[in-house]
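Architecture at a glance
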Amino acid sequence: MKQIRRRSLFSMTAMLFGIYIFGQQTVNRTVLRTNQESIKQYICELAQYGKDSLGRGNRVAFSNGDIEGRAYISKLMKKNGLDVHIDAAGNIIGSRAGQDMSLLPIVMGSHTDMVPLGGNYDGAVGVISAIEVMQVLQEHHVVTRHPLQVIDFIDEEGGVVGSHAVAGNLNKSALHEISSSGLTIAEGIRAVGGNPDKLADAIKPKGSFAAYLELHIEQGAFLENEKKDIGIVEGIVGIEEWEVTINGFANHAGTTPMLHRQDALLAAAKLIVSINDIVKGIPGKQVCNVGKIAVEPGATNVIPGKAVFSLELRDLDEKKIWNMFKAIKLRADSIATQTATTISFKNLHLSSKPALMNRKIQDIIKTSTTQLGYSYKVMASGAGHDAQEMALLAPAGMIFIPSVGGISHSPKEYSTPEAIYKGANVLLQSILQLDRQ
Ligand code: HGY
Ligand code: MN
Ligand code: MN
């Protein structure tokens, strides 16, 4: 801070044009670039944590691998001069002081947990590139006007749990839901150093940040197909999730006549096909997914007495999600009658509202991308992101980079080091532009 007080009028003027004077050193911020090799190395190092016995990536939230991965991220943040703090929700927050600590922080973030048998790029690219941005600033002795933060949000894949908590939207009942690690969310938060009893401490009121920026892999194939370097996200879909329970009657598979069966799995199968038909039967980009199913008692010679499956609906329009759900419920009622079963829906508390990204931030990303000589496409995100929750607190923006083959949530997920490098440069230059505002 002393440097600032000593800064001459000339250096203040120079700063407005993107040049910092620090003693003898002059830094033109517009020529700053991230380091492709460092980013590649950090992604590779993080990928070593959370492998299963067959060497596949399985760093699900709150698992031992996640805990080790988070320790690695904390260490990397510290190595790059950040002040590291774990909030009550278990999010890792790395902070760097600005020249004017009365200004609101500019925040970059994403997540380092993954889906079961996921890839090494979803989330990790955003957190690691943000740390790399901090490293570049550190190496060039650039002190921004605003304080800066990097947040590695907890359990993004379980329903943006960490960012839900920061936005004050982590419902108490969600704490009892079982995460992919087998722990409840409350137990998981404790395991990563948070305190679920003090979640209120993690909440940031609206207007707590100057801006939020998240770099992420596209997880689809639009950028690759259209040969664009950067995706500028205009909006993120809303996601609603339900647990669907079908109760039939478990009975002998050989002696019960076909007409007298109350087969819960058969009802589930009919309903799953109907869900698909309903969602495909209306115009638009809405999607549905049934990704998990359990059947009881689960024996070859017993008629299934109970089936429980997950249902997820996504769209940019929240009303449309609920209209689709209404149609699904109506169909479920008739399937229940037809199969002599009961069907109930429990809405899970980890849904995300659709979120529009801030127009000004989209423009800032566009300017950075163009100045760097990269091509871009303005697009919607079909995947959920922490930016959704952060958009409730501050102007938010997202930068996408191409996913090879459009594959994600798979061990085959991949983005080239060059593509990530370009995204990280856009992140760096956008942060510096935001800092001038
Ligand atoms: O499921 C999602 O959309 C995200 O990857 N969390
Ligand atoms: Mn992600
Ligand atoms: Mn994901």
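As the structure is a prediction and not an experimental result, all values here were calculated from the model. (Residues numbered from 1 in each chain as written. Chains lettered and ligands numbered in written order. Predicted model: local features only at pLDDT ≥ 70, side-chain atom pairs only at ≥ 80, totals over all residues. Heavy atoms only, no water.)

Thoughts on the overall build of the protein
Quick note on the threshold: For helices the rule is a DSSP run of H or I covering at least 4 residues; for strands it is a run of E covering at least 2, with both sets numbered from the N terminus onward. The atom set for the radius of gyration is the C-alpha atoms, and the globule formula is 2.2 Å times the number of residues raised to the power 0.38. Residue exposure (1.4 Å probe, protein chains only): buried if accessible area is under 20% of the type maximum, exposed if over 50%, otherwise partly exposed. Two residues qualify as a contact provided that any one of their heavy atoms is within 4.5 Å of a heavy atom in the partner residue.
Of regular secondary structure, the protein possesses 13 helices and 16 strands. The C-alpha radius of gyration computed for the protein amounts to 24 Å, which stays within 12% of the reference 22 Å derived for 437 residues, consistent with globular compactness. The C-alpha extent of the protein, read off along each of the three principal axes, is 90 × 45 × 40 Å. When burial is assessed residue by residue, the protein has 53% of its 437 residues classed as buried. Long-range pairs, those at least 24 residues apart, make up 78% of the contacts in the protein between residues at least 6 apart in sequence.

What about the coordination of the manganese ion (ligand 3)?
The following threshold applies: Coordinating donors are taken to be N, O and S atoms lying within 2.8 Å of the metal, or within 3.2 Å when the metal is Na, K or Ca; because water is excluded from the atom set, some sites may appear incomplete.
Around the manganese ion (ligand 3), the protein supplies Asp122 (OD), Glu157 (OE), Glu157 (OE) and His409 (NE2) as donor atoms, at distances of 2.0 to 2.8 Å. Sequence spacing among the residues donating to the manganese ion (ligand 3) works out to D-x34-E-x251-H. Between the two metal centres, the manganese ion (ligand 3) and the manganese ion (ligand 2), the spacing is 3.6 Å, with aspartate 122 acting as a shared donor. Here the residue aspartate 122 occupies a position in the loop between strand S5 (106-111) and helix H5 (124-139), and histidine 409 occupies one in the loop between strand S16 (396-401) and helix H13 (417-436), the gap between them amounting to 287 residues.

Regarding the pairing of strand S3 (residues 83-86)
We apply this condition: When DSSP finds two or more bridges between two strands, those strands count as paired.
Pairing geometry for S3 and strand S4 (residues 92-96), over four bridges, is antiparallel. Looking at the pairing, valine 84 lines up with glycine 94 of S4.

Description of the domain arrangement of the protein
Quick note on the threshold: Segment limits for the domains were obtained from an automatic or database-derived domain assignment. Note on terms: buried area is the combined drop in 1.4 Å-probe accessible area of two parts once they are placed together, counting the loss on both. Every case where a carboxyl oxygen of Asp or Glu lies within 4 Å of a side-chain nitrogen of Lys or Arg is listed as a salt bridge.
Each assigned domain of the protein is listed with its residue range as follows: domain 1 (32-237 + 354-435) and domain 2 (245-347). For domain 1 and domain 2, the distance between their C-alpha centroids amounts to 35 Å. Facing the eight residues of domain 1 at the interface are five residues of domain 2. Of the roughly 490 Å² buried between domain 1 and domain 2, counting both surfaces, carbon and sulfur atoms make up 67%. Across the contact surface, domain 1 and domain 2 share zero salt bridges.

A word on the coordination of the manganese ion (ligand 2)
Only His111 (NE2), Asp122 (OD) and His216 (NE2) from the protein coordinate the manganese ion (ligand 2), and they sit 2.0 to 2.2 Å from it. On the primary sequence, the residues serving as donors to the manganese ion (ligand 2) are separated as H-x10-D-x93-H. Given a relative accessible area of 1%, histidine 216 falls into the buried group.

A few points about the environment of glycine 235
By the element assignment, glycine 235 lies in strand S8 (residues 230-236). When its relative accessible area of 1% is taken as the criterion, glycine 235 is described as buried. It is 31 Å that separates the C-alpha atoms of glycine 235 and glutamate 37, two residues lying 198 residues apart in sequence. Residues contacting glycine 235, with those up to four places away along its chain left out, are Leu316, Ala355, Leu356, Met357, Met379, Ala380 and Ser381.

Quick word on the nonpolar core
Formally: What we call a nonpolar core is a set of buried Ala, Val, Leu, Ile, Met, Phe, Trp, Tyr and Cys residues that are connected through their side-chain atoms within 4.5 Å.
Judged by nonpolar contacts, the single largest core of 49 residues is most densely connected at Leu32, Ile73, Met108, Val125, Leu137, Val150 and Leu427. A per-element tally of this core places H5 first, with ten residues. Excluding its chain neighbours within four sequence positions, the residues that come into contact with leucine 32 are Val27, Val136, Leu137, His140, Val142, Leu428, Gln429 and Leu432.

Quick look at unusual backbone geometry
Omega for the bond connecting glutamate 296 with proline 297 falls within 30 degrees of zero, at 0°, which places this linkage in the cis form. Tracing the sequence through the fold places proline 297 in the loop between strand S11 (293-296) and strand S12 (306-315). The backbone phi angle of alanine 340 is positive, close to 55°, even though this residue is not glycine. On the secondary structure map, alanine 340 appears in the loop between helix H10 (318-339) and strand S13 (342-347). On the accessibility criterion, alanine 340 (40% relative accessible area) is partly exposed. Positive phi, close to 55°, is recorded for histidine 409, a residue that is not glycine. Looking at histidine 409, the relative accessible area reads 40%, which means it is partly exposed.

Things to note about the site of ligand 1
Going by this rule: For this purpose, a residue is taken to be near a molecule or strand whenever a single non-hydrogen atom of the residue falls within 4 Å of it. For the purposes of these results, a polar contact is taken to be a pair of N or O atoms within 3.5 Å, where, inside protein, one atom must be able to donate a hydrogen and its partner to accept one; residues adjacent in sequence count only when each atom of the pair is a side-chain atom. To be clear on the numbers: accessible area is Shrake-Rupley with a 1.4 Å probe, and residue cover counts the displayed protein chains and nothing else. For this classification, Asp, Glu, Lys and Arg are treated as charged, while Ala, Val, Leu, Ile, Met, Phe, Trp, Tyr, Cys and Pro are nonpolar and the rest, including Gly, are polar.
In the vicinity of ligand 1, the contacting residues are Asp122, Glu156, Glu157, Gln219, Arg314, Ala383, Gly384 and His409. Taking arginine 314, its side chain carries an N or O atom lying 2.6 Å from an oxygen atom of ligand 1. Within the complex, 89% of the 210 Å² of free accessible area of ligand 1 lies under protein. Grouping the amino acids of the shell around ligand 1 by side-chain chemistry returns one nonpolar, three polar and four charged.

Considering helix H9 (residues 264-280)
Put simply, the rule reads: The span expected for a helix works out to 1.5 Å for each residue beyond the first. The directions from the helix axis to the C-beta atoms form the arc being described.
Under the 1.5 Å per step criterion, the end-to-end length of H9 is 24 Å for 17 residues, consistent within 8% with the ideal 24 Å. Ala264, Ala267, Ala268, Leu271, Ser274, Ile275, Ile278 and Val279 are the residues of H9 that are buried. Each buried residue of H9 lies within a common arc of 130° when the element is viewed along its axis, so the set occupies one face. Of the surrounding secondary structure, the elements contacted by the buried residues of H9 are strand S9 (238-247), strand S10 (287-289), S11, S12, H10 and S13. Measuring from the backbone nitrogen of leucine 265 back to the side-chain oxygen at the start of H9 gives 2.9 Å, which picks out aspartate 263 as the cap.

Details of the pattern of salt bridges
Taken as a whole and assessed by the stated rule, the structure comprises eleven salt bridges. For arginine 314, the salt bridge goes to glutamate 312, with nearest N and O atoms at 2.8 Å. Aspartate 363 is the salt-bridge partner of lysine 366, the closest N and O atoms lying 3.8 Å from each other. Of the two residues, lysine 366 and aspartate 363 both sit in helix H11 (residues 359-371), three residues apart, roughly one turn of that helix. One network of salt bridges, with partners in common, ties together Asp229, Glu418 and Lys422.

Things to note about the packing of helix H3 (residues 36-47) against H5
The following threshold applies: Every angle, taken between N-to-C directions, lies between 0 and 180 degrees, and every axis is a line fitted to C-alpha atoms, over only the stretch in contact when it is a helix. What sets the label is the angle itself: under 35 degrees gives roughly parallel, over 145 gives roughly antiparallel, 65 to 115 gives roughly perpendicular, and the rest give oblique. By definition, any crossing whose near helix is turned counterclockwise from its far helix by less than a right angle is left-handed, and any crossing with a clockwise turn is right-handed.
Between H3 and H5, whose axes approach to 10 Å, the crossing angle comes to 135°. When the axis of H3 is compared with that of H5, the two are oblique. Classified by chirality, the crossing of H5 by H3 is right-handed. Contact residues: Ser38, Ile39, Tyr42, Ile43 and Leu46 in H3; Ala124, Val125, Ile128, Ser129, Glu132 and Gln135 in H5. Grouping the amino acids of the contact of H3 with H5 by side-chain chemistry returns seven nonpolar, three polar and one charged.

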